[in-house]
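# Geometric and topological summary
Below, each chain spelled out in residue letters.
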Amino acid sequence: MKVVILAGGLGTRIAEETSTRPKPMVEIGGRPILWHIMKIYSHHGFNDFVICLGYKGYMIKEYFANYFLHMSDVTFHLAENRMEVHRETAEPWRVTLVDTGEDTQTGGRLKRVLPYVANEPFFALTYGDGVADIDLGAEIAFHKAHGRRATVSVVRPAKRFGAVAIEGDRVVNFEEKPSDDGGWINGGFFLLSPSVGDLIAGDKTIWEREPMEQLARGDDLRAYVHPGFWHPMDSLRDRNFLEGEWAGNRAKWRIW
C-alpha cells in the first residue's frame, strides 16, 4: 500500500517555526514530525511514500537526499575523495517527492499525485503534521470489509484544560484534560480508492470540502473510530506538548 502525505502547506498557525522551514520539518525529539509519521506507517509494514511538496519543499528534498548520510556512521577519506560507511541504520523506505505547487489546496495536491497511485486498489492519505497510535491494520480490514471508496479516521481530541465539577465551593469531580465531548472530528488517516480523483476539480479544490461532502452524500464514506492517542501540531503549544511527551518517554505514538 502506498502512503500519500500532504506536506506542502504554509503552516501559518505555527509561524514561529515555519518561517524558516516547512511545517513537516519541525522537529520533535530531534527528528522532523514527518519522520515520526512515516515511522508509524513503517511499523505496520508500509514503506512506499509519495510526499506532496509545496512551501519550501526543497528542504524536504534535501533532507531525504542526505538521509542515508545522516543516519549512518561514516569516515571521509578526503585525499581519496571517498566515503566509507560503517553502520547503516536507514529505514527501507521508497520516497517519491512531488512538487504540487506552493498555493495548491489539499484536494489539488492529491489530484496531482494520483498518477503515482493509479494502479493501487486503495492507498493511504494523511497530513504531515499529526501523530497517533492508530492501528492501521485494523483500519485496512475495516476499509476492505465495507467496500466503499473512502475511509476516514475519526477521533475525539483531549481538551486543553482540566474539567472541574463543583457544588457550591466543593469540587465533586476533577478530570485532567478529558476527551472532548463535542463530537468526532477528522483524524487525518484516510484510506481511499484512486477513483476519488474524479471528485477533485483542480488545484483550488479543498479535499475536506466538496470531495468529502460528495462521498458522504453518496454513501461512499465510512468512519473508522480511533479511540486512542491522537494529536496535531497546529501551534507552538502543540509542538511543545509533543516535544515534552517525547522527552519524558510518554510518546504514545511511538509504536515502533
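Here is what the cut-offs are and how they apply
- Residues numbered from 1 in each chain as written.
- Predicted model: local features only at pLDDT ≥ 70, side-chain atom pairs only at ≥ 80, totals over all residues.
- Heavy atoms only, no water.
- Helix = DSSP H or I, 4+ residues; strand = E, 2+ residues; numbered from the N terminus.
- Rg over C-alpha atoms; globule rule 2.2 N^0.38 Å.
- Contact = heavy atoms within 4.5 Å.
- Lys, Arg positive; Asp, Glu negative; His and termini not counted.
- Charge placed at Lys NZ, Arg CZ, Asp CG, Glu CD.
- 1 Å grid on protein atoms, 1.4 Å probe; cavity = no way out; pocket = protein on both sides within 12 Å on 5 of 7 lines; lining within 4 Å.
- Points joined across faces, edges and corners; volume = space filled by probe spheres on them.
- Nonpolar A, V, L, I, M, F, W, Y, C, P; charged D, E, K, R; others polar.
- Pairing = 2+ DSSP bridges.
- Axes fitted to C-alpha atoms, helices over the stretch in contact; angles between N-to-C directions.

Looking at an unreviewed UniProt entry, one finds the protein named Glucose-1-phosphate cytidylyltransferase, with Bradyrhizobium daqingense as its source organism.

## Brief notes about the overall build of the protein
Tallying secondary structure elements over the protein gives 8 helices and 15 strands in all. What you see for the protein is a C-alpha radius of gyration of 20 Å, in line with the 18 Å of a compact globule of 256 residues. Once the C-alpha set of the protein is aligned to its principal axes, its extents read approximately 80 × 45 × 35 Å. For the protein, the proportion of contacts with a sequence separation of at least 24, taken over those separated by at least 6, is 72%. Side chains of the protein give 31 positive and 35 negative charges; the mean places of these two sets differ by 1 Å.

## Considering the layout of surface pockets
Taken as a whole, the largest pocket encloses approximately 870 Å³ of empty space. Grouping the amino acids of the lining of the largest pocket by side-chain chemistry returns 10 nonpolar, 13 polar and 9 charged.

## Some words on the sheet that holds strand 1 (residues 2-7)
Strand order in the open sheet formed by 7 strands is 7-4-1-8-13-10-14, and the pairing between neighbours is mixed. Single-partner strands in this sheet number two, and they are strand 7 (94-99) and strand 14 (221-225). Each neighbouring strand pair of the sheet contributes to a mean axis angle of 25°, computed without reference to strand direction. Of the strands in this sheet, strand 1, strand 4 (48-53), strand 7, strand 8 (123-127) and strand 13 (185-192) touch helix 2 (residues 33-43), which is tilted by about 150° from strand 8.

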